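# Coordinate inspection notes
For reference, the chains in residue letters:
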Amino acid sequence: MKFISTRNKDIEFSASEVIVKGLSDEGGLFVPCSFPTVTEQELKSYQDKDYYEISAEVISKFLTEFSLDTLKGLTKQAYDKFDGEAVPITKTEDNIYFMELWHGPTHAFKDIALTLLPLLLSESKKINGITEKTLILVATSGDTGKAALEGFKDTDGTDIIVFYPEDGVSALQKLQMKTQRGNNVRVFGIKGNFDDAQNAVKRIFTDGNTIKELKECGYALSSANSINFGRLVPQIAYYFSSYAELVANSEIDENEKINFCVPCGNFGNILAGYYAKKMGLPINKLICASNKNNVLTDFINKGEYSLDRKFYKTTSPSMDIIISSNLERLIFELSDRDDKLTAGRMEQLKRTGSYNISNAELEKLKTEFYAEWSDEEEILDTIGDYFDENGYIIDTHTAVSLSVYNKYVQKTGDNTKTVIVSTASPYKFVGDVLYAIGEDVPEDEMDALELLEEVTALPLPESLSELPSLEVLHSAVIDKEKADEAVIAYVKEKL
Ligand SMILES: *Cc1c(COP(=O)(O)O)cnc(C)c1O
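Reference entry: report on the structure contained in this document. Quick caveat: nothing in here was measured; it's all calculated off a predicted structure.

### Section: helix 6 (residues 117-127)
Helix 6 sits mainly inside the fold: eight of its eleven residues count as buried. Looking one or two places after helix 6, you find Gly129, whose phi comes out positive at around 65 degrees.

Structure (structure tokens):
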């Protein structure tokens, strides 16, 4: 299978090149030349397979340079790091199933891709004969940083440096990063907010002098950003595995169409569902759920993507986004893969802050997707109500998904069986979750975790309960102008 860019179809790349490069030279995103299919027979066979096997089979359809056995080795290594079953499904009431994507090492859905990406990257470098070391730089608003650190720690030939905003992550997220172990990791707080951290990293990526100095030390820069195809492809597998499990449990008939409702930010998760549908999975609607930052709701309902809007800080921070990068891959498909048109629209977005799609494209979009959003009060009420009525506790991001699903049913009357995609452990957002179920929120983070365990009986993961007793290994907080110096100093230390 070869790959092309959404902004230039003339040059083809291999999968391993695409994983190493991340982004195409003219700024487009890599997509497969065509969509492979999963046959009914194959889908049926998934009923008897472990998650790592299904994952390897689905991924092998795209990454044809890797043998199925190699991929199985890698997916096993990645998903062995999960607590028990990698992607369990919980039925809470008739027609509703929660697909829990947060049983990985850092308890957020990013683990599904970031436990595997480092392994795919190492293999891809081998295939392309690249011996240079890779330095991964990440600016994080919380979840990605920790998941990338855990994913890349102690990986040969790779080092990772994470920058988090000193004032922009939760106490628990900060502690998770400051106690990170591994012989190839470094974490810095940046004085400022997420934009300051992001801009500091972007400057390094475009600074010729720093890049040259790194090269002299044997390093090439890379990013673990969600636009890398290597982060997207592992996410396709759980749409198939969850479907197969529902058939195996006689919850649905073979070939019965179901909905997936997905809490969206950068549009990577739901796009993987759209790819699964293109590969033959019987999906009715993909429901795109947003919080108050509802740029995607407007786009899917009106056909205009506009950046002219206020940014809100919400209780579901991983969905607080205005530029949703993976949408470009969807636009490309809607336009019947018109690279010139896609490039033009992205250029227009940069220049004018908005672009429109045609009415025909909008109609197509609406047959595949439904979009709605919920405000902060609705989201917290949803957590409280669902816990009261069903004894099932969800985090703030998953609550966006459930709240939007409830509105969808009310508005459309569609009773198609639906998988609610659940993206974070309630413990990761313990303060807001406790508040939502009517508890007084303890000031001390550890007390809060223990209270949530006491009230909900959801087992507190050891990697979170041990946090306060771990040694702080990364306490540096630096000015945003000093990020490049910090990177060079790290690399020199490694020589
Ligand atoms: C990243 C993230 C999302 C959004 O996923 P996208 O692929 O960016 O749309 C939702 N919930 C949680 C908890 C996340 O970490």
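### Focus: the side chain of Lys61
Here Lys61 lies in the loop between helix 3 (51-60) and helix 4 (68-79). Judged by its relative accessible area of 17%, Lys61 falls in the buried class. The contact partners of Lys61, leaving out residues within four places of it in the chain, are Met1, Pro36, Thr37, Val38, Glu42, Tyr46 and Met279.

### Side note on the site of the ligand
Neighbouring residues of the ligand: 15 residues in total, closest Lys110, Gly265, Asn266, Asn269 and Thr423. Here Gly265 contributes a backbone N or O atom positioned 2.7 Å from an oxygen atom of the ligand. In the environment of the ligand, an oxygen atom lies 2.7 Å from a nitrogen or oxygen atom belonging to the backbone of Asn266. For the ligand, whose unbound accessible area comes to 380 Å², protein coverage reaches 96%. Looking at the shell around the ligand residue by residue, the class counts come to six nonpolar, seven polar and two charged.

### Comments concerning the sheet that holds strand 16 (residues 477-478)
A sheet is described by the order of its strands in space; here five strands give the open sequence 9-6-7-8-16, paired in parallel fashion. The open sheet has two edge strands, strand 9 (219-222) and strand 16, and neither has a second partner. Both strand 6 (residues 133-139) and strand 7 (residues 158-165) contribute to a ladder of six bridges, which runs parallel. From the neighbouring strand, Leu137 faces strand 7, where its bridge partner is Ile161. Packing of helix 7 (residues 143-152) onto the sheet brings it into contact with strand 6, strand 7 and strand 8 (185-190), and relative to strand 7 it is tilted by some 165 degrees.

### Regarding the layout of surface pockets
Counted as a void, the second largest pocket has a volume near 290 Å³. Lining of the second largest pocket is provided by 17 residues; of these, Lys49, Asp50, Tyr51, Glu85 and Ala86 occupy positions nearest its centre. The set of elements that each furnish at least two residues to the lining of the second largest pocket consists of helix 3 and helix 11 (229-248). Take the lining of the second largest pocket: its biggest share by element is four residues, from helix 11.

### Digging into empty space enclosed by the protein
Scanning the entire structure with this criterion turns up two cavities of 30 Å³ or more. As a volume, the largest cavity reaches approximately 90 Å³. Around the largest cavity sit Glu40, Leu43, Lys44, Gln47, Tyr243, Ala244, Val247, Glu254 and Asn255, which together line it. For the lining of the largest cavity, the elements supplying multiple residues, two or more each, are helix 2 (40-45) and helix 11. Space inside the second largest cavity adds up to approximately 30 Å³. Lining of the second largest cavity is provided by Ile19, Leu117, Leu121, Ile136, Phe152, Ser222, Ser223 and Asn228. By residue class, the composition of the lining of the second largest cavity is five nonpolar, three polar and no charged.

### Concerning the sheet that holds strand 11 (residues 283-290)
Spatially, six strands are ordered 4-5-15-10-11-14 in an open sheet, and the strand pairing comes out mixed. Of all the strands in the sheet, just strand 4 (89-93) and strand 14 (369-373) have a single pairing partner and so form its edges. In this sheet, adjacent strand axes meet at a mean angle of 25 degrees when their direction is disregarded. The pairing of strand 5 (residues 96-100) with strand 15 (residues 418-422) spans five bridges and is classified as parallel. Bridge assignment links Tyr97 to a residue of strand 15, and that residue is Val419. Sheet strands in contact with helix 18 (residues 396-412) are strand 5, strand 10 (258-263), strand 11, strand 14 and strand 15, and its direction is about 125 degrees off that of strand 11.

What counts, and where the lines are drawn
Residues numbered from 1 in each chain as written. Predicted model: local features only at pLDDT ≥ 70, side-chain atom pairs only at ≥ 80, totals over all residues. Heavy atoms only, no water. Buried < 20%, exposed > 50% of the residue type's maximum accessible area, 1.4 Å probe, protein only. Helix = DSSP H or I, 4+ residues; strand = E, 2+ residues; numbered from the N terminus. Contact = heavy atoms within 4.5 Å. Near = heavy atom within 4 Å. Polar contact = N/O pair within 3.5 Å; in protein donor to acceptor, adjacent residues only side chain to side chain. Areas by Shrake-Rupley, 256 points an atom, 1.4 Å probe, with all protein chains shown as cover. Nonpolar A, V, L, I, M, F, W, Y, C, P; charged D, E, K, R; others polar. Pairing = 2+ DSSP bridges. Axes fitted to C-alpha atoms, helices over the stretch in contact; angles between N-to-C directions. 1 Å grid on protein atoms, 1.4 Å probe; cavity = no way out; pocket = protein on both sides within 12 Å on 5 of 7 lines; lining within 4 Å. Points joined across faces, edges and corners; volume = space filled by probe spheres on them.

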